[in-house]
Amino acid sequence: MHNTRMTSRSDPDELPARRPEPVADALRRPLHDLRISLLDQCNFRCPYCMPEAEFHSEYEFLKRQQRLTYDEIIRVAGGASTLGVSKIRLTGGEPLLDKNICQLIERIAALPGVEDLALTTNGMLLAANAEKLAAAGLHRVTVSLDSLDKNIFRGMSGGRGNLDQVLAGIMAAGDAGLGPIKINVVVQKGVNDHTILDLLEYFRGTGTIVRLIEFMDVGNRNGWRMDQVVPSRSSLLQVQKRWPLRAVGKSYPGEVARRYEYVDGAGEIGFISSVTEPFCGDCSRARLSADGMLYTCLFANQGTDLRESLRNGADDNELRDILSSIWLQRADRYSELRSPDIAEHHVLKKVEMYRIGG
Ligand code: SAM
Ligand code: SF4
Ligand code: SF4
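About the thresholds
Residues numbered from 1 in each chain as written. Chains lettered and ligands numbered in written order. Predicted model: local features only at pLDDT ≥ 70, side-chain atom pairs only at ≥ 80, totals over all residues. Heavy atoms only, no water. Helix = DSSP H or I, 4+ residues; strand = E, 2+ residues; numbered from the N terminus. Rg over C-alpha atoms; globule rule 2.2 N^0.38 Å. Buried < 20%, exposed > 50% of the residue type's maximum accessible area, 1.4 Å probe, protein only. Contact = heavy atoms within 4.5 Å. Phe/Tyr/Trp six-rings, centres within 6.5 Å; stacked < 30°, edge-to-face > 60°. Near = heavy atom within 4 Å. Nonpolar A, V, L, I, M, F, W, Y, C, P; charged D, E, K, R; others polar. Pairing = 2+ DSSP bridges. Right-handed = clockwise from strand over helix to strand, strands pointing away. Salt bridge = Lys/Arg side-chain N within 4 Å of Asp/Glu carboxyl O. Arc of directions from axis to C-beta.

(A) The arrangement of the overall build of the chain in detail. Across its full length, the chain carries 12 helices and 12 strands. Relative to the globule expectation of 21 Å for 358 residues, the C-alpha radius of gyration of the chain, 20 Å, shows essentially globular dimensions. Seen along its three principal axes, the alpha-carbon backbone of the chain occupies a region of about 65 × 55 × 45 Å. Residues classed as buried in the chain amount to 54% of the 358 residues present. Partitioning the contacts of the chain with sequence separation of at least 6, the portion at a separation of at least 24 is 74%.

See below:
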């Protein structure tokens, strides 16, 4: 039996704390998720995200003083949690390049209202950090891993990744209890699409959920072309020929992956089809870049500078008002609007993926 305490209507102090009513945008989509990019640097140069030719040794990444401090991040995350955010994801760039990340995780995990705290990583530094991350209060990880073919994997990491090290990281994350682990696979035509089944086979029956992601037209620096996209329906057919699948419903409103399970009981896989089957209808995510810009869409061409407000002395109420008014005005639905003229839309100036972390 639940241990309930009697409360009296005449004594409001005795009522249990209620979750705040989420603020809803112009299309009535509530604010639920906040993605926080900790830094714009990365130890990989995935050609679909940070191609080496653009992000070379002379490229100027943000300087420390340009990045939000942990205190500033906590203020934004705390403000967002009072407006309905209950899910927070740490990302980058590569978030595990931030050596003090566990201090931040402890503080975010302690914020009232944060029910789910996740991290997206390329996995290279995960084996060494998994236990510390879990001890600090991280709930789960998503690891990006595009192929189990060593050469293809290495090429898709821009020549920097070590497959065994990433697999060891995934194992360590499982041992540390950072599950259910999700694996993000960006599927590119003629690059890794012929290696998807091997990757799925490896993770079948382990409880790890692989998500096949369409190569997206994020940013303007990755040379995106439609003919490099493998539509999710093709990947789905490819998988179904090998293992029958059945669709399952969303596990929460705003989930971007379409979920399937293997009919033989070997677990779940997901398809993220931003290009061919847009899903703006219940998009509930805000994205904070490392330099404090808040974006309300992955494909936004402008954001709101929160760092300026924070450093100009905005108090918590003012910050909350700023966040709330940004979300109230939000009407983004880029991926729905861009079809069928996707090439035309792609030339519009957009924020880069490595700045807002997917
Ligand atoms: N560095 C970390 C990682 O790779 O997991 C976190 C940041 S990364 C930008 C977040 C996710 O975005 C990764 O899963 C990556 O594969 C995905 N991504 C980057 N560029 C993409 C693109 N053009 N299309 C689809 N997914 C992309
Ligand atoms: Fe780095 Fe992640 Fe972008 Fe690859 S996808 S370059 S690992 S930020
Ligand atoms: Fe959300 Fe923008 Fe993606 Fe639509 S295009 S799902 S609004 S992030």
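(B) Highlighting the packing of aromatic side chains. With the rule as written, the count across this model stands at 7 aromatic pairs. Judged by centre distance (6.2 Å) and plane angle (75 degrees), the ring pair of phenylalanine 44 and phenylalanine 153 falls under edge-to-face. Of this pair, phenylalanine 44 sits in the loop between strand 1 (33–37) and helix 1 (70–81) while phenylalanine 153 sits in helix 4 (residues 150–156), and the two are 109 residues apart along the sequence. Accessibility assignment for this pair places phenylalanine 44 and phenylalanine 153 in one class, buried. Each ring, one from phenylalanine 55 and one from tyrosine 59, has its centre 4.8 Å from the other, and the planes form 55 degrees; the classification is tilted.

(C) Focus on the site of ligand 3. In the vicinity of ligand 3, the contacting residues are Phe279, Cys280, Cys283, Arg287, Cys297, Leu298, Phe299, Arg330, Asp332, Arg333, Tyr334 and Ser335. Here the residues of the shell around ligand 3 sort into 7 nonpolar, 1 polar and 4 charged.

(D) Representation of the pairing of strand 4 (residues 140–144) within the structure. Burial analysis of strand 4 places 4 of its 5 residues in the buried class, which makes it a mostly covered element. Bridge count between strand 3 (residues 116–121) and strand 4: 4 bridges; the pairing is parallel. Note that in strand 4 the partner of threonine 121 across the bridge is valine 143. The parallel pair strand 3 and strand 4, bridged by helix 3 (residues 126–136), forms a crossover whose chirality is right-handed. Summarising the sheet, strand 4 and strand 5 (residues 182–187) pair through 3 bridges and their orientation is parallel. What sits directly across from serine 144, in strand 5, is asparagine 184.

(E) Representation of the side chain of serine 273 in the model. Inspection of the secondary structure puts serine 273 in the loop between strand 9 (268–272) and strand 10 (285–288). Residue classification places serine 273 among the buried residues on the basis of a relative accessible area of 2%. Among all residues touching serine 273, those that are not within four sequence positions of it are Glu214, Ser232, Arg258, Pro278 and Phe279.

(F) Representation of the site of ligand 2. Around ligand 2, the neighbouring residues are Cys42, Phe44, Cys46, Cys49, Met50, Gly93 and Asn122. Of the residues in the shell around ligand 2, the class split is 5 nonpolar, 2 polar and no charged.

(G) Structural context of the sheet that holds strand 9. One open sheet holds the 12 strands; their spatial order is 7-8-9-6-5-4-3-2-1-10-11-12, and the pairing between them is mixed. In this open sheet, the two strands that pair with only one neighbour each are strand 7 (245–248) and strand 12 (304–305). Looking at chain direction, strand 11 (residues 293–295) and strand 12 are connected through 2 bridges and run antiparallel. Following the sheet pairing, methionine 293 is matched in strand 12 by aspartate 305.

(H) How the structure looks around the pattern of salt bridges. Using the criterion set out here, one finds 21 salt bridges in the structure. A salt bridge links glutamate 54 to arginine 221; the shortest N-O distance between them is 2.9 Å. Of this pair, glutamate 54 sits in the loop between strand 1 and helix 1 while arginine 221 is found in the loop between strand 6 (209–214) and helix 7 (232–242), placing the two residues 167 residues apart along the sequence. Taking relative accessible area as the criterion, glutamate 54 reaches 31% and is therefore assigned partly exposed. Within this structure, Asp25, Arg29, Arg330 and Asp332 form a network of salt bridges that share partners.

(I) Expanded view of helix 6 (residues 196–203). Listed as buried for helix 6 are Ile196, Leu197, Leu199, Leu200 and Phe203. Summarising the axial view, the buried residues of helix 6 lie within an arc of 160 degrees, below the 170-degree limit, and thus occupy one face. Taken from the residues just after helix 6, glycine 205 is the one with a positive phi, measuring 80 degrees.

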